[in-house]
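Examination of the molecular architecture
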Amino acid sequence: MPLRLKGSAGLSKTVVWATLGALLVFVLLPTFYLISYVFVRWNEVRVEVFENPIIGDENWRQILKVLFFSFRLSLSTVAFDLVFGIPLAYVLARKRFYGKSLLEDVVTLPLVIPTSGFGFATLITWTTVAGLGGALGLNSGLIPLNALIPVVDVTFILFTVHVALTFPYIVRTLETKFQSIDITFETASRTLGASALTTFRNILFPLSLPGVFSASVLAFARSLGETGATLIVSGVSSTASIAIVRWTSEFKLATASFMGSLLVVTAWLIILPVELYAGRRARSFRIPYQLPTSLSNRLIKIERLVSRRLAYLKDILPLIVVMVTVIVPIVVVLNSVILYWSTDPYTGKVQGGVLYQLFGPSNYFSSVVRASSTSIIVALASTYIATCIAIPLAFVIERRWYGDFIRSILKVPLIMPTSSLGLSVLLLWGSSGFNLVSSGIWLITLTHVVFSVPVIVESIIAAYEGSEIQMYEDSARTLGATAYNAIETVSLPLIKSGILTGFILSFTHSLGETGATFIVMGRDITIPALVVNMVEALAIPAALFTSTYLIILSLILLAVIRIITRS
Amino acid sequence: MALIRLVNVTKKFGEITAVDHIDLAVEDGEYLCILGQTGAGKTTLLRTIAGLLKPDEGEIYIEGKLVNGVPPEQRNAVYMFQQFALFPHMNVWQNVSFGPVIKDRSSEEVKEVSSEILEMVRLADRKDAFPHELSGGMQQRVALARGIASGARILLLDEPLGALDARLRVDIRRQLRKLVKDQKLTAIHVTHDQEEALMIADRIAVLRKGTIEQMGEPHEIYSRPRSIFVAGFVGGANFIEGNVVKIDSSSSSIEIRGGYEIRVSDTSKRVGEKVVVAVRPEDISVGLEEVSGSNNFHGKIESATFIGGSIEYKIRLENEETVSSRILLSGNLKTYEATEGIVVSFSPEKCFVFPYPKAGLLQEIEAI
Amino acid sequence: MPEVRLVGVTKRYGKILANDKVDLTIKNGEYVSIIGPSGCGKTTLIKIIAGIIRPDEGEVYIGGRLVNDIPIEERAIGYVFQNIALFPHMTVWNNITYGPGVRGLSPGETRPLALEMLEMIKLSARSDAYPSELSGGTQQKTAVARALISRAELLLLDEPLGALDVKVRAELRHELRRLVKDLKLTALHVTHDQEEAMSISDRVIVMKKGKIVEANTPIELYTRPRNLFTANFVGEANFLRGAVAQVTDNGAVVHIGDDLQVMTNSKDKSLGDRVVIAFRPEFTSIGERETLNRLSGKVVDIIYSGSIGRIRVELANGDEVFVKKGLSFQRPMLGVGDNVMVSITPENIVVYPYPEGGLDRELALE
């Protein structure tokens, strides 16, 4: 019976306490402050939301309407993701082929691409003549902005954006889960006479069920919290996250924080049981059901046929989804920048060209430069602080008995709606709360730390669990190294790639973050927020340029990660 | 004064007691093997001595000092893993010199010690290679070199040969012991391979369910096992149930199934007591005629298996019991053509007699 | 009709030739083992036969049928894995009945087969247990039952006992042979443990660096190995370097240094050939009466292991030989430093040409 032995010695108490303290102050407090705010100011909230002297409980109705819309959107997104994501994850996990790492990068793109830029790209792809509409010879966009998908009643554009942004969560999580399951089980099933598809149904899928649940939860929550791109493509509909932004700007803080708390509580109520299920279940999988024989036999025959003849379908369909939702918009944006470079190609007016908007009277170029420096300072500072907290935190999680608990709490900032996060930080550190930091570059930095820490921690943990660090450290200890020496000379080098990957992922994410930043930025504008402003000011070519600029920056950084992890 | 002393050491994991109140003393320069099956508690015991685990009860003394709260790096005992645990991001030289470097020795001293030891394990020409470029046997030598170079007096070896091919183990066993003895180190070597333990150890501690069932020199464990488990686990045995029917000054008679009798030289049991007689396959000879002075039984050969340098016979005796005999080949490969009319003989001095176990014989044997 | 036939099977991984034009024939009903050091290509070979890996070149025939393009699930084989691979989310019963289930048999048809299998491996009482509740040996027995229930005629075993304790291995290997022979199957068993292979196989195949080096019955392989590597890999041996000093009617006489000469039965050597002579330590005697080939020497080391004594003797010419003696029935009165006579009969000596790459290289086990 293998017993899981956690190293006992190895971390000085001061370091542990300091790390947990930093976690509390910089990450957890801001995350959960929003809820406590609602409780503390309950009377205020109650009046504004339910018993408003002017509009009665109209705010509450709004909240409900918006909430239901968000749920419809997110649930349908996840369903779609699963149908196409599971086959793609399987292919990535089990097959080796030329161009595989390129495919993995393409799938990861939406994770690092700035959401507002991406939202904008999707917008022009589908709804304007500069996109698919024009390419197919039409005079206008392919699909109107507010076209609804039947049954679920969500707009097509919004749906596409959400699918694109959540697809990577499903695919990468499941890919990792599938890979973690010893392929020998599937091989055994094949030698016993089962086709590949039957093997998937009977063996790989049941064994990965916890992963399917946690991937779905992650994607669902990400969609619930998605703000940046949604701000741009929502048209007349409103998700919960956008509502928060709008209400905050209207100073309906009570309503906004109530909505935000509702979202946080919902997100948490979903993760917690799933984490518990996935955690415990991971140790004792059991199949409680058995299909009736006739059904089972028919399924087996179909699966045999599909495995032999239709195998290519599972390769192609997901690729089409990725192409349409991710690649095409990016290509369209890049293409448009070129098209619109000096003049508007349709009117011939110079005022409609990129150059004019950047260097002409509106002088967007200087805004871009200023926003760039703001973005980079914020990204560097927040990522650095987050890394300093994340490295010891990862060790604490791996080595203490309460590690699993901390790890599940860390998921909350990751999936919390970014606008809620922004509101929470604003309320905590800003003028309504401790009044330590005013809106601006430092508040943005503090906000970014909150969601950077979980990203870096997860990245380090992945590298940690992929290597037998405890064994090497134990070796080093008995060879004469103190705990600190062992970590410095042996453990850290071994997880170096994890730290670096986490750093770059965080940095890129911070560069492109829109939702939370929008709420706390005050006068210091970051690049993605600038895009939103440009779109609202109808300075389309400028928005085009800025989005492209941001997207290219992210692509370069992604390539850098790839090179580092390859070496 | 023993170099390592364990007093009443206990370690639990939840409900399971992995190490159960163990007392142990290891002398300076001794090569001790801890022998037991998977799950017996051997690795837990070793890790506790190393300081990688804290015991729940009991004290551990190394070089006369109580080391219970002392961290691993100060215990002068290096732990070696089955998978060698060579640092993958360092080459052979960096691995081997890790110990002296981390202990802040001067660079001349580091160089001297590391070169000398690499010479000793005959790997000086591979000092720039990385672990993944080396074969299993070479990796093991580097791991040993690294342990010795650290200056530790005690080597704690956790199934050190387990990751190597079976045939390779036989050769490396000898080299391992020689290296330890030449360097005048003390070794505690954990294994589930009793043949390995018998060949390599000065003393063996047989571990079962967290306690030491028997401890002594290999020769003693082999020829004077104190329990059915030890008799079966170390060296293997045939087990025959019976009842004591007669005792005289120099021998006892045990009645077994079918009314047959075995004469044994053990006179410590009482008449009427239910017992189990154990005879090793190596002590059973197979022939066509009775051997005077021995117990003789007629029987049929059920199978003859050639195992490397020995032949193992399974013989069904007249009373329907089956015994196995294992004879080392010695010059000619004589296998018996006829399978009937075989005589199986074993001497009374080679029989071990144990009281019949309360839980039943099958349970005890299955535990082996 | 031979059950398995491989013709020119080759498999490359980058620059490494895992299987190098391997030809192999296994007859119906044979229990064959493939042994060799890690990396010799034995696992690759068995996976190619199963269809888990595709060969780069060559053909694989099972039961006379070319199976190169036939997927795993249609090759009608049973496969036992080193890491056991029982489905952790299914009970013993569901594991065993999995094969028939995915082949379309109804529970009614499967039930008697499963019960029979459980009887054979003596696990009828534990059919509701999950794999994690069983010991290693029991798990592997269940995996074997799972592989055999579909009555596939070919059983492939890939280091089936590698994950188990030494004692469990010794018992289980006999069970394996018994099951295979009782069910009249053909078995191909890959292992790095030559003792395991020798004790249960009809034939043993030795592989090294992607090629088959030798194949024979265990006894022949042990007593008359046809090359040096096999002689060293299949059990321990003494190797002495020398040159043919004389060729007689009975065989070559080899001079090994100093005044020492050894008479052999080898008839195909010429005067002056550089050779290596090999003989097993069990067939070497110490201090016995008049025999041919008495070599004088001094005892340098004695190790007792159980009832076997390993006596190391340094000969007059500096070479070392070791002798293995079973000590149950007599204990030679020997001590370190004693002068002794070591003797080997000519028929127990095998003579090999001196290898080009040097003796140590040829004998290397990894």
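Summary of the structure given here. All values reported here derive from a predicted model rather than from experimental measurement.

Conventions adopted
Residues numbered from 1 in each chain as written. Chains lettered and ligands numbered in written order. Predicted model: local features only at pLDDT ≥ 70, side-chain atom pairs only at ≥ 80, totals over all residues. Helix = DSSP H or I, 4+ residues; strand = E, 2+ residues; numbered from the N terminus. Buried ≥ 20, exposed ≤ 12 C-beta atoms within 10 Å, placed from the backbone. Contact = placed C-beta atoms within 7 Å. Nonpolar A, V, L, I, M, F, W, Y, C, P; charged D, E, K, R; others polar. Pairing = 2+ DSSP bridges. Core = buried A, V, L, I, M, F, W, Y, C linked by C-beta atoms within 7 Å.

1. Considering the overall build of chain C
When helices and strands are tallied, chain C shows ten helices and 20 strands. Looking at chain C residue by residue over its 366 residues, the buried ones come to 46%.

2. Quick look at the interface of chain B and chain A
Where the parts come together, the accessible area they lose is often given as the size of the interface. Residue-level contacts link 22 residues of chain B with 20 residues of chain A. The set of elements that each furnish at least two residues to the side of chain B that touches chain A consists of strand E6 (77–80) and helix H3 (98–102) of chain B. Tallied by class, the residues present in the side of chain B that touches chain A amount to 14 nonpolar, four polar and four charged.

3. Quick look at the sheet that holds strand E1 (residues 4–13) of chain C
Residue and element names in this part refer to chain C. Spatially, E2-E1-E4-E5 is the arrangement adopted by the four strands of the open sheet, whose pairing is antiparallel. With one partner strand each, in any of the chains shown, strand E2 (16–26) and strand E5 (65–66) form the two edges of the open sheet. Bridge analysis of E1 against E2 gives seven bridges, and the strand direction is antiparallel. Bridged to Lys 11 within E2 is Asn 19.

4. Considerations on the nonpolar core
In terms of nonpolar packing, the biggest core is built from 364 residues, with Leu 156 and Val 277 of chain B touching the most fellow members. For this core, the element with the most residues is helix H19 (residues 441–466) of chain A, which contributes 15 residues. Setting aside residues no more than four positions away along its own chain, Val 277 of chain B makes contact with Ile 240, Gly 242, Ile 254, Ile 262, Val 264, Cys 351 and Val 353 of chain B. With seven residues, the next largest nonpolar core counts Leu 295, Val 313, Val 323 and Val 342 of chain C among its residues.

5. Side note on the pairing of strand E16 (residues 295–307) of chain B
All names here are of chain B. Here E16 runs beside strand E19 (residues 342–346); their pairing, made up of five bridges, is antiparallel. The partner of Phe 297 across the bridge, within E19, is Val 344. Pairing between E16 and strand E17 (residues 310–317): eight bridges, direction antiparallel. From the neighbouring strand, Thr 305 faces E17, where its bridge partner is Glu 312. With antiparallel pairing between neighbouring strands as the criterion, E16 and E17 make up a hairpin whose turn holds two residues, including Gly 308 at a positive phi of roughly 55 degrees.

Any link to function would need more than the numbers given here.
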